[in-house]
Amino acid sequence: MPTIAASARAVPASRIREIANAAMQMDGVLKLYFGESNLPTPEFIKRAATKAMAEGYTYYTENAGLPGLRQDLAAHYRRVHGVAIDPATRIVVTASGVQALNVGIRCLLDPGDEALILTPAWPNGAAIVRMGNAVPVEVPLPLRDGRYTVDFNALEAARTTRTRLLIYTSPSNPLGWVATREEQAGLLDFARRHDLWLLVDEVYDRLYYAGASLGEPAPSILCLAAPDDALLVAQSFSKTYCMTGWRLGWLVARPDVAERAAQLNEFIVSHATSFIQRAAQTALRDGEDELLPMLHRLKANRDFCLEALRRMPGVTVPSPDGAFYLFPRIEGLADSFDFCWRLLHETKVGIAPGVAFGAGGEGSVRICYAAERSILEPAMDRLASFLRSGR
Ligand SMILES: Cc1ncc(COP(=O)(O)O)c(C=O)c1O
């Protein structure tokens, strides 16, 4: 009897989804397990999509995306990060951030190749590596003096003759860790010295709280790298513009990879949806005004949850600089999935188990704080009682 391909079977199910699937069968769950804001997409972006449809943006587009959108993305990089990116040769629009990772990784790895991944990390990067019959090698970010840091010795030790790629995410899901300029320079140098590709996931770059003022982006690796570096950056409209369901992202890459990624796009989804690409131009041009209030709200939520968590018994939690997650460590916790499962069924609070995020994740849980205070307050109360009761 034919069987499912080994590479497909090698991809483990998402442990976040397991919690979510159980939660979706229940009423009244306080949902903090997924990585999305419950703010709706701003009206002006929805209107732009409707207008684009009326204007006839309903046909196939270029594999690399609408030239106008790529130009607007380049203008966005100039304005927000102060970096020049050639839109014609280095930007490929993709049907989501996950699709940017997918098509990017496809361009870089052959079966049997190894990819180093800084973890705890959102599991999709490792799963995509596995789907290509390649091997993810997880290198944990150790927590030192209350801050996650890059362990360059561990990276050197994990490298083999099959290593082709290093992947990291900054700002990080689930840690909220943001690579400093020094860490970025060290990671770039590591990749250059060992002839590796570097793939950086920057989908949370606008959700950054440690700048001189809110609205300042997290530092992008693109500001340090040269155009001919073996570098790819995966990006998305999902988080900055509350557009998770729209499925739109982009890749910035060396011109040869960008060209190849656009070509592969043809055989995966051909291109991102045309009227959504058009609406994204409006999001880029007019989105800053909506971003700032969202950042104020997220920062206040982060501080509220941090304070609540720090009062709970056995909980230590570093203060994250970016994204919208907290990743508290719970003393003595050996099975974070079981903990989240019991928390869900006994208190109707849904959070994600640390084990879902790979090496270094067990013993912690992930809380997405991009929810209303009316959800966060009872969720923190119930988590505190659950921990106090020693369950
Ligand atoms: C680190 C990271 N990268 C990429 C994505 C993908 O975003 P999307 O596929 O919605 O654009 C997510 C979504 O949660 C994420 O957390």
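As shown above, the structure is provided for reference.
Quick caveat: nothing in here was measured; it's all calculated off a predicted structure. (Residues numbered from 1 in each chain as written. Predicted model: local features only at pLDDT ≥ 70, side-chain atom pairs only at ≥ 80, totals over all residues. Heavy atoms only, no water.)

Enquirer: I tried to follow the overall build of the chain on my own but got confused; where do I start?
Expert: Per the secondary structure count, the chain includes 14 helices and 16 strands. For the chain, whose C-alpha radius of gyration is 21 Å, the value lies close to the compact-globule estimate of 21 Å for 391 residues. The C-alpha extent of the chain, read off along each of the three principal axes, is 60 × 55 × 50 Å. The burial tally for the chain puts 55% of its 391 residues in the buried class. Of the contacts made within the chain by residues no fewer than 6 positions apart, 74% connect residues no fewer than 24 positions apart. Computing the positive centroid from 41 side-chain charges and the negative centroid from 43, the chain places the two 3 Å apart. (Helix = DSSP H or I, 4+ residues; strand = E, 2+ residues; numbered from the N terminus. Rg over C-alpha atoms; globule rule 2.2 N^0.38 Å. Buried < 20%, exposed > 50% of the residue type's maximum accessible area, 1.4 Å probe, protein only. Contact = heavy atoms within 4.5 Å. Lys, Arg positive; Asp, Glu negative; His and termini not counted. Charge placed at Lys NZ, Arg CZ, Asp CG, Glu CD.)

Enquirer: I tried to follow the sheet that holds strand E12 (residues 325–326) on my own but got confused; where do I start?
Expert: What holds strands together in a sheet is hydrogen bonding between their backbones, with the strands either parallel or antiparallel. Pairing within the open sheet is antiparallel, and its three strands lie in the order E12-E16-E15. Of all strands in the sheet, those with a lone pairing partner are E12 and strand E15 (352–353), marking the two edges. Where E12 and strand E16 (residues 365–368) come together, two bridges link them in antiparallel fashion. Residue Leu 326 lies in a different strand from E16, and its bridge partner there is Ile 367. (Pairing = 2+ DSSP bridges.)

Enquirer: What should I look at first to understand the environment of Arg 79 in this one?
Expert: By the element assignment, Arg 79 lies in helix H4 (residues 67–81). Through-space distance from the C-alpha of Arg 79 to that of Asp 27 is 45 Å; in sequence the pair is 52 residues apart. A polar side-chain atom of Arg 79 sits 3.2 Å from the main-chain carbonyl oxygen of Leu 284. (Polar contact = N/O pair within 3.5 Å; in protein donor to acceptor, adjacent residues only side chain to side chain.)

Enquirer: Looking at this model, I keep getting lost on the environment of Met 24. Mind explaining?
Expert: Position of Met 24 among the secondary structure elements: in helix H2 (residues 15–24). Overall, Met 24 belongs to the partly exposed group, its relative accessible area being 46%. Here the alpha-carbon distance between Met 24 and Gly 350, two residues 326 residues apart in the chain, equals 9.9 Å. If near-sequence neighbours (up to four positions away) are discounted, Met 24 is found in contact with Arg 17, Tyr 33 and Phe 34.

Enquirer: Teacher, can you tell me more about the site of the ligand here?
Expert: As a matter of local geometry, the ligand sits amid 13 residues, with Gly 97, Asp 201, Ser 236, Ser 238 and Lys 239 nearest to it. In isolation the ligand exposes 390 Å². Once the protein is present, 94% of that is buried. In a pocket analysis with a 2 Å cut-off to the grid points, the ligand is assigned to the largest pocket. The class makeup of the residues in the shell around the ligand is four nonpolar, six polar and three charged. (Near = heavy atom within 4 Å. Areas by Shrake-Rupley, 256 points an atom, 1.4 Å probe, with all protein chains shown as cover. 1 Å grid on protein atoms, 1.4 Å probe; cavity = no way out; pocket = protein on both sides within 12 Å on 5 of 7 lines; lining within 4 Å. Sits in = over half its atoms within 2 Å of the grid points. Nonpolar A, V, L, I, M, F, W, Y, C, P; charged D, E, K, R; others polar.)

Enquirer: I keep staring at H2 and nothing clicks. Help me out?
Expert: Among all positions in H2, only Ile 16, Ile 19, Ala 20, Ala 22 and Ala 23 are buried. Looking straight down H2, one finds that the buried residues subtend no more than 160° of arc, so they occupy a single side. Structurally, H2 contributes buried residues whose contacts are with helix H13 (336–347), E15 and E16. At the N-terminal end of H2, a side-chain oxygen is found 3.2 Å from the backbone nitrogen of Ile 16, two or three residues along, and the residue is Ser 14. (Arc of directions from axis to C-beta.)

Enquirer: What is the right way to read the packing of aromatic side chains from this model?
Expert: Each aromatic ring pair is characterised by the separation of its centres together with the angle its planes make. A full pass over the atoms with the stated rule returns eleven aromatic pairs. Here the aromatic cluster, defined as three or more aromatic residues joined through ring pairs, consists of Tyr 77, Phe 237, Tyr 241 and Trp 250. It is Arg 15 that lies over the ring of Phe 337; its NZ or CZ is 3.9 Å from the centre. (Phe/Tyr/Trp six-rings, centres within 6.5 Å; stacked < 30°, edge-to-face > 60°. Lys NZ or Arg CZ within 6 Å of the ring centre and 35° of its normal.)

Enquirer: How should empty space enclosed by the protein be read in this particular structure?
Expert: To find leftover empty space, a probe the size of one water molecule is rolled over the atoms. Counted according to the given criterion, the structure contains one cavity of 30 Å³ or more. Of the pockets and cavities examined, the largest cavity occupies roughly 40 Å³. Lining the largest cavity, in full, are His 76, Asp 205, Arg 206, Gln 235, Ser 236, Thr 240, Tyr 241 and Trp 250. Residue composition of the lining of the largest cavity, by class: two nonpolar, four polar and two charged. (Points joined across faces, edges and corners; volume = space filled by probe spheres on them.)

Enquirer: Quick question: what am I supposed to make of the state of the cysteines here?
Expert: All chains considered together, the criterion is met by zero disulfides. This cysteine, Cys 368, is not joined by any disulfide, and Cys 305 carries the nearest cysteine sulfur, 9.5 Å off. Residue Cys 368 is classed as buried on the basis of its relative accessible area of 3%. (Disulfide = S-S within 2.5 Å.)

Enquirer: Where do I start with the packing of helix H12 (residues 288–310) against helix H14 (residues 373–388) in this structure?
Expert: Geometrically, a packed helix pair is captured by the angle between its two axes and the distance between the axes. It is at 10 Å that the axes of H12 and H14 come closest, and there the two elements cross at 15°. The angle between H12 and H14 falls in the class roughly parallel. In this structure, H12 meets H14 at a crossing whose hand is right-handed. Within the contact between the two elements, H12 uses Ala 300, Asn 301, Phe 304, Cys 305, Ala 308 and Leu 309 and H14 uses Arg 373, Leu 376, Glu 377, Met 380 and Leu 383. Of the residues contributing to the contact of H12 with H14, the split by class is eight nonpolar, one polar and two charged. (Axes fitted to C-alpha atoms, helices over the stretch in contact; angles between N-to-C directions. Parallel < 35°, antiparallel > 145°, perpendicular 65-115°, else oblique. Left-handed = near helix turned anticlockwise from the far one by under 90°.)

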